[in-house]
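Architecture and fold: a report
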2 protein chains.
Amino acid sequence: MVRVLGVDPGLTRCGVGVVDVEATRRTTLVHVSVIRTDPASPLEQRVLAIAEGVGLLIDEHRPDVVALERVFAQHNVRTVMGTAQASGVVLQAAAARGLAVALHTPSEVKAAVTGHGGADKRQVTAMVQRILRLDAPPTPADAADALALAICHAWRRDGVSTPVAAGGTPLTPAQRAWRAAEKSAGAPRLDG
Amino acid sequence: MVRVLGVDPGLTRCGVGVVDVEATRRTTLVHVSVIRTDPASPLEQRVLAIAEGVGLLIDEHRPDVVALERVFAQHNVRTVMGTAQASGVVLQAAAARGLAVALHTPSEVKAAVTGHGGADKRQVTAMVQRILRLDAPPTPADAADALALAICHAWRRDGVSTPVAAGGTPLTPAQRAWRAAEKSAGAPRLDG
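Before going further, it helps to examine the overall build of chain A. Check the secondary structure of chain A and you find 6 helices and 5 strands. The order of helices and strands in chain A, counted from the N terminus, is β-β-β-α-β-α-β-α-α-α-α. Counting the 192 residues in chain A, one finds 53% classified as buried. Partitioning the contacts of chain A with sequence separation of at least 6, the portion at a separation of at least 24 is 61%. Surface summary for chain A: the accessible area is close to 8300 Å², and the carbon and sulfur share equals 53%.

Structure (structure tokens):
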């Protein structure tokens, strides 16, 4: 079994979801919530609140790995820098606790849970509800993406044929050498 | 006197500089260096190294405030997300230690130290050397921007006529109310 924390990063609303995934792919909801920060607060206080919220979740639920949405500069320009800053402190909160972080794109997540990368939000939420055998859509509604990220990561691990870096990109020769050294030192990564 | 830590955020090279600025504007170099991370390392390890490096610097030099370069989505798209993630953990490292963070744009920094916002890197470095009364340009060379940021912040504080948020933008009514409440509670911010 693997326990995955999925994080849909954002400054105002940061979705977090924890699932347990068995070898059979049977997937169970452990936790879902949204960490909120006040847009009127200073930026440094907002990122600190996100870092502390994610840190508390990791300490409470002890996931094996963190799955984080990969942010692109091409996304909504008005919010993308805040989203990237939030993702920075999520990466740090995980690494400070010895956890690896895997990045997945929104289309990878949609494809993993619905079968096609162009699925809309409603379809993703419906599939997350089905996969987790819930009586109703997960709430808060915008936390469904965090659960989908966690499910995506656990399910994709099965099918990964080539080693990928934590960033989700194919490993460079230097990264492969590093990863091999890490493995021979007895510390295999969960995303490799 | 105010002690300012300036940070020029970056994933591979994060410039950091500390200066002391007297009421007369006489400015003295306290520290300058670059925190480097290995591009072949996992992203989460890189942001953790930056967070820890900045945290150690704050603990050692105890600045009164942190000045951070404002990152725009329009910048170099290839590196901007990493730069924003690095800035996220710098914000967090400061806030976790009770420090406010002020954001300044590159053109604000250039204008503050050279007199015009379109100055080139050589001109900024030359002025930083003069301002700090150094015998040679500060090294490593790419740390000059971090020193310029710190100088910019300390010098601009004198001339600020309208209250600005930590983000450097004019305060919204909600932010003004928040700031006023904070001041009446006896905790004035250094950037207000």
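Before going further, it helps to examine the sheet that holds strand β3 (residues 27-36) of chain A. Residue and element names in this part refer to chain A. Reading across the sheet, the 5 strands line up as β3-β2-β1-β4-β5 and stay open at both edges, with mixed pairing between neighbours. With one partner strand each, in any of the chains shown, β3 and β5 (101-104) form the two edges of the open sheet. Sheet twist, expressed as the mean angle between neighbouring strand axes with direction ignored, is 20°. Pairing of strand β1 (residues 2-8) with strand β4 (residues 65-69) involves 4 bridges; the strand directions are parallel. Paired with Leu-5 across the two strands is Val-66, which belongs to β4.

Turning our eyes to something else, we now look at the confidence of the model for chain A. Residues and elements named next belong to chain A. Within chain A, residue pLDDT values average 85, and 79% of them lie at 70 or more. Of all helices and strands in chain A, the one with the weakest mean pLDDT is helix α6 (residues 173-184) (47), whereas helix α1 (residues 43-61) scores best (98). In the model, residues 159-179 has pLDDT below 50 throughout and makes 35 contacts with residues more than four positions away in sequence or in other chains. Across residues 181-192, where pLDDT falls below 50, the model places 21 contacts with residues more than four positions away in sequence or in other chains.

Residue and element names in this part refer to chain A. Under the defined criterion, the tally for this structure stands at 12 salt bridges over all chains. Between Arg-26 and Glu-22 there is a salt bridge; the shortest N-O distance is 3.8 Å. Taking relative accessible area as the criterion, Glu-22 reaches 34% and is therefore assigned partly exposed.

Residue and element names in this part refer to chain B. Regarding helix α4 (residues 121-131), the residues found buried are Val-124, Thr-125, Val-128, Gln-129 and Ile-131. All buried residues of α4 lie within an arc of 170° about the axis, which places them on one face of the element. Residues of α4 that are exposed and point over 90 degrees away from its buried face: Arg-122 and Arg-130. N-cap assignment for α4: the residue whose side-chain oxygen lies 3.2 Å from the backbone N of Arg-122 is Asp-120. Immediately beyond the C-terminal end of α4, within one or two residues, lies Arg-133, with a positive phi of roughly 55°.

All names here are of chain B. With respect to topology, 5 strands assemble into an open sheet ordered β3-β2-β1-β4-β5, the strand pairing being mixed. On the outer flanks of this sheet lie β3 (27-36) and β5 (101-104), each paired with one strand and no other. Each neighbouring strand pair of the sheet contributes to a mean axis angle of 20°, computed without reference to strand direction.

With that out of the way, let us pick up the pairing of β5(A). Here is the key point about a regular strand: its side chains alternate between the two faces of the sheet. Residue and element names in this part refer to chain A. Neither face of β5 is open: one carries Val-101 and Leu-103, the other Ala-102 and His-104, and all of them are buried. Here β4 pairs with β5 via 4 bridges, running parallel. By the bridge assignment for β5, Val-66 is matched with Val-101.

Analysis parameters
- Residues numbered from 1 in each chain as written.
- Chains lettered and ligands numbered in written order.
- Predicted model: local features only at pLDDT ≥ 70, side-chain atom pairs only at ≥ 80, totals over all residues.
- Heavy atoms only, no water.
- Helix = DSSP H or I, 4+ residues; strand = E, 2+ residues; numbered from the N terminus.
- Buried < 20%, exposed > 50% of the residue type's maximum accessible area, 1.4 Å probe, protein only.
- Contact = heavy atoms within 4.5 Å.
- Areas by Shrake-Rupley, 256 points an atom, 1.4 Å probe, with all protein chains shown as cover.
- Pairing = 2+ DSSP bridges.
- Axes fitted to C-alpha atoms, helices over the stretch in contact; angles between N-to-C directions.
- pLDDT = per-residue confidence, 0-100.
- Salt bridge = Lys/Arg side-chain N within 4 Å of Asp/Glu carboxyl O.
- Arc of directions from axis to C-beta.
- Polar contact = N/O pair within 3.5 Å; in protein donor to acceptor, adjacent residues only side chain to side chain.

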